[in-house]
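Coordinate analysis (summary)
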Amino acid sequence: MKKKVLIAVFALAVCVMAGGCTNAEKKAENDGAKTKASPASDFTVEYGSTECFISEYIGSDTEIVIPEEINGKKVVWLRSTSFNQNTSIISVHIPDGVDTIDKNAFGGCTNLTSVYIPDTVFIIGVAAFAQCTSLTTINIPKDITYISDWLFFGCSSLTSIEIPDNITTIGFRAFNNCSSLTSITIPDSVTYIMNA
């Protein structure tokens, strides 16, 4: 692993000194820092005919990359119990193809600092990130139209958030007790704010 990282760092240094990187050099640079998916055995899974749903994370890693597929079935849904109250996790990468993050899915993950949410997600349930007190920033996918009630309630480290143009409604107390929130961009598309 050390050798791979050193090669990537060397490749980056060479292309910076040369004034730019070719695609091949960029690939070499990225390969050194590439994060591979967490093993399927780290998850409790429910299966449908062509897709699957993450019920619970049972692994011990603190940085999680959810696989796009488990046993040949596409991961499309994170259930409400998937990460709820897991105080060990620090970061989670959600793959393309997931369309739903259930209510409370990450609620109470007090050490969670970052989450990547792909644009395939169009439903994020009530209080999905409530009481994630270490979360500093998060992206909202472009096809979300409604920011759910209590979504970021108690995210006391959240400093900024950009709301995409498709959002029409900001739910009840969605940003309540976000005591560090200093910047929020609300687009013209928002027509209703429920005591956020």
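Details of the structure are given in the entry above.
Residues numbered from 1 in each chain as written. Predicted model: local features only at pLDDT ≥ 70, side-chain atom pairs only at ≥ 80, totals over all residues. Heavy atoms only, no water.

1. A short note on the packing of aromatic side chains
Taken as a whole and assessed by the stated rule, the structure comprises nine aromatic pairs. Here the aromatic rings of F152 and F175 are separated by 5.6 Å at their centres, their planes lie at 20 degrees, and the arrangement is stacked. Taken together, the residues span a long stretch of sequence, with F152 in the loop between β10 (146-147) and β11 (160-162) and F175 in the loop between β12 (169-170) and β13 (183-185) at a distance of 23 residues. Like F175, F152 is buried. (Phe/Tyr/Trp six-rings, centres within 6.5 Å; stacked < 30°, edge-to-face > 60°. Helix = DSSP H or I, 4+ residues; strand = E, 2+ residues; numbered from the N terminus. Buried < 20%, exposed > 50% of the residue type's maximum accessible area, 1.4 Å probe, protein only.)

2. Topic: the pairing of strand β2 (residues 51-57)
Along β2, five of the seven residues are buried, which leaves the element largely enclosed by surrounding structure. As paired strands, strand β1 (residues 43-47) and β2 are joined by five bridges and run antiparallel to one another. From the neighbouring strand, E46 faces β2, where its bridge partner is F53. In this antiparallel pair of consecutive strands, β1 and β2, the connection spans three residues. With four bridges connecting them, β2 and strand β5 (residues 73-78) associate as parallel partners. Residue I54 lies in a different strand from β5, and its bridge partner there is L78. (Pairing = 2+ DSSP bridges.)

3. Some remarks on unusual backbone geometry
Positioned with a positive phi, N71 is a non-glycine residue whose angle comes to about 50 degrees. Residue position: N71 is located in the loop between β4 (69-70) and β5. Backbone geometry places Q85, a non-glycine residue, at a positive phi of 65 degrees.

4. Some words on the nonpolar core
Counting residues in each nonpolar core, the largest one holds 44 residues, and the members touching the most others are I66, F83, I94, I101, F106, F129 and F152. Broken down by secondary-structure element, the contributors of at least two residues to this core are β1, β2 and β5. Per-element accounting of this core gives the leading share, three residues, to β2. Excluding residues that lie within four positions of it along the chain, F106 makes contacts with L78, F83, I89, V92, I94, I101, L112, A128, F129, A130 and C132. (Core = buried A, V, L, I, M, F, W, Y, C linked by side-chain atoms within 4.5 Å. Contact = heavy atoms within 4.5 Å.)

5. Comments concerning the sheet that holds strand β8 (residues 114-116)
The strand order across the open sheet formed by three strands is β3-β6-β8, and the pairing between neighbours is parallel. Each end of this open sheet is capped by a strand with a single partner; those strands are β3 (63-65) and β8. Adjacent strand axes in the sheet meet at a mean angle of 5 degrees when their direction is disregarded. Pairing analysis gives three bridges linking β3 to strand β6 (residues 91-93), with the strands arranged parallel. Looking at β6, one finds that E63 is bridged to S91. (Axes fitted to C-alpha atoms, helices over the stretch in contact; angles between N-to-C directions.)

6. Quick word on the state of the cysteines
By definition, a disulfide is the covalent link that joins the sulfur atoms of two cysteine residues. With the rule as written, the count across this model stands at zero disulfides. Among the cysteines around C132, which has no disulfide bond, C109 carries the closest sulfur, lying 5.1 Å off. When its relative accessible area of 0% is taken as the criterion, C132 is described as buried. Free of any disulfide, C178 has its nearest cysteine sulfur in C155, 5.2 Å distant. (Disulfide = S-S within 2.5 Å.)

7. Examining a negative patch on the surface
Residues E68, E69, D96 and D119 make up a contiguous surface patch of negative charge. Tracing the backbone through its elements, the reader meets E69 in strand β4. (Patch = residues over 30% accessible without salt bridge, like charges linked within 9 Å, V, L, I, M, F, W, Y side chains within 5 Å. Areas by Shrake-Rupley, 256 points an atom, 1.4 Å probe, with all protein chains shown as cover. Salt bridge = Lys/Arg side-chain N within 4 Å of Asp/Glu carboxyl O. Lys, Arg positive; Asp, Glu negative; His and termini not counted. Charge placed at Lys NZ, Arg CZ, Asp CG, Glu CD.)

8. Some points on the sheet that holds β10
The sheet built from three strands is open, its strands ordered β10-β12-β14 with parallel pairing. Looking along the sheet, the strands with just one partner apiece sit at the ends: β10 and β14 (192-193). Pairing geometry for β12 and β14, over two bridges, is parallel. Directly across from I170, in β14, lies its bridge partner I193.

Fair warning: the whole summary comes from geometry, so function is off the table for now.
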